[in-house]
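Chain and residue survey
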Amino acid sequence: MPSILISIKDWIEVPTRNKVVMFLSSRRGLRIGTAVARISRRYQLSRSFSTEAPRYPIPPFTLETAIEKTKMAEDAWNTKDPEKVSMAYSKDSEWRNRSVFVKGRSEIKEFLTDKWKKELDYKLEKRYWCHANNRIAVRFAYEYRNADGEWFRAHGNENWEFDELGYMTRREGSHSQSTILWYAEN
């Protein structure tokens, strides 16, 4: 197997079974031998070499930047645009949404497209709960109606984890949902 040429800007840490192998980059790139190339593929170094622009604010979060990130997520989700929303997540982002497990942007887009086809007049509120380093926890509530005109309210908590560029790599949600009953006054 031939060597692989990569371009990077800083030190790269590649965990192996018993130690961390570090490489220093140069402007021309760095040749990595066969054994390390196998490790790098296994470890998915793509996050270290991402060509995507940072998605500010980036970790580590302060109170202000965590609240800003929460508001940005709320605004994006209320557009109901699966393409726009999916771009806030890393290419290999993992979700747990109730009993549904989603991985990657294409599955996220598909999930959101199906969701918003069924959940009409969708309106979401997200509220910052707490944060630490590259993680944020939020509370949320949203309402929608189905095609039969029945209204629902869902609420719960989400835990988010971000990569060094500010893309969400993990989203775990715990949701409860109830029917909204409307009573007419006589």
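Preceding block: the structure.
The text that follows walks through the structure, step by step, so that each part is easy to find.

About the criteria used
Residues numbered from 1 in each chain as written. Predicted model: local features only at pLDDT ≥ 70, side-chain atom pairs only at ≥ 80, totals over all residues. Heavy atoms only, no water. Helix = DSSP H or I, 4+ residues; strand = E, 2+ residues; numbered from the N terminus. Expected span 1.5 Å × (residues − 1). Buried < 20%, exposed > 50% of the residue type's maximum accessible area, 1.4 Å probe, protein only. Arc of directions from axis to C-beta. Phe/Tyr/Trp six-rings, centres within 6.5 Å; stacked < 30°, edge-to-face > 60°. Lys NZ or Arg CZ within 6 Å of the ring centre and 35° of its normal. Salt bridge = Lys/Arg side-chain N within 4 Å of Asp/Glu carboxyl O. Pairing = 2+ DSSP bridges. Axes fitted to C-alpha atoms, helices over the stretch in contact; angles between N-to-C directions. Contact = heavy atoms within 4.5 Å.

Side note on helix 4 (residues 105-118)
End to end, helix 4 covers 20 Å across 14 residues, agreeing with the expected 20 Å (1.5 Å per residue, within 8%). Among the residues of helix 4, those classed as buried are R105, I108, F111, L112, K115 and W116. An end-on view of helix 4 places all buried positions within 120 degrees of arc, on one side of the element. Opposite the packed face of helix 4, turned more than 90 degrees from it, sit the exposed residues S106, E110, K117 and K118.

What to know about the packing of aromatic side chains
Tallied over the entire structure, the rule returns 11 aromatic pairs. Joined through ring pairs, the aromatic side chains of W77, Y89, W95, F111, W116, Y122, F140, Y142, Y144 and F152 make up one cluster. Over the ring of W77 we find K126, and its NZ or CZ is 5.2 Å from the ring centre. Over the aromatic face of W95 sits the side chain of R171, whose NZ or CZ is 4.2 Å from the ring centroid.

Some remarks on the pattern of salt bridges
Under the criterion given, the structure shown has 14 salt bridges. For K71, the salt bridge goes to E74, with nearest N and O atoms at 3.5 Å. One end of the pair is K71 and the other is E74, both in helix 2 (residues 63-79) and 3 residues apart, which spans about a single turn. Given the relative accessible area of 43%, K71 is considered partly exposed. With a relative accessible area of 7%, E74 lands in the buried category. One salt bridge in this structure joins D121 and R145, with 2.5 Å as the shortest N-O distance. Residue D121 is found in strand 7 (residues 120-132), and its partner R145 is found in strand 8 (residues 135-145); the two are separated by 24 residues along the sequence. Since its relative accessible area comes to 25%, R145 is described here as partly exposed. Residues participating in the shared-partner salt-bridge network are K71, E74, D75, E125 and R127.

Digging into the sheet that holds strand 6 (residues 100-103)
The strand order 6-5-10-9-8-7 describes an open sheet built from 6 strands, whose pairing is mixed. The open sheet has two free edges, formed respectively by strand 6 and strand 7, since each of these has just one partner strand. With direction set aside, neighbouring strand axes in the sheet form an average angle of 20 degrees. One ladder, built from 4 bridges, connects strand 5 (residues 89-97) with strand 6; its direction is antiparallel. Across the sheet, residue N97 finds its bridge partner in strand 6, namely V100. Along the sheet face, helix 2 touches strand 5, strand 7, strand 8, strand 9 (151-162) and strand 10 (168-180) and points at about 165 degrees away from the line of strand 7.

A closer look at the side chain of E119
Locating E119 in the fold gives a position in the loop between helix 4 and strand 7. Each residue touching E119, except ones within four places of it in the same chain, is listed here: Y142, Y144 and R145.

Side note on the environment of E52
Take E52: it is sitting in the loop between helix 1 (34-43) and helix 2. Taking relative accessible area as the criterion, E52 reaches 18% and is therefore assigned buried. Taking the C-alpha atoms as reference points, E52 and Y167, 115 residues apart in sequence, are found 9.6 Å from one another. Setting aside anything within four residues of it in sequence, one finds E52 in contact with M87, K91, R105, L165 and Y167.

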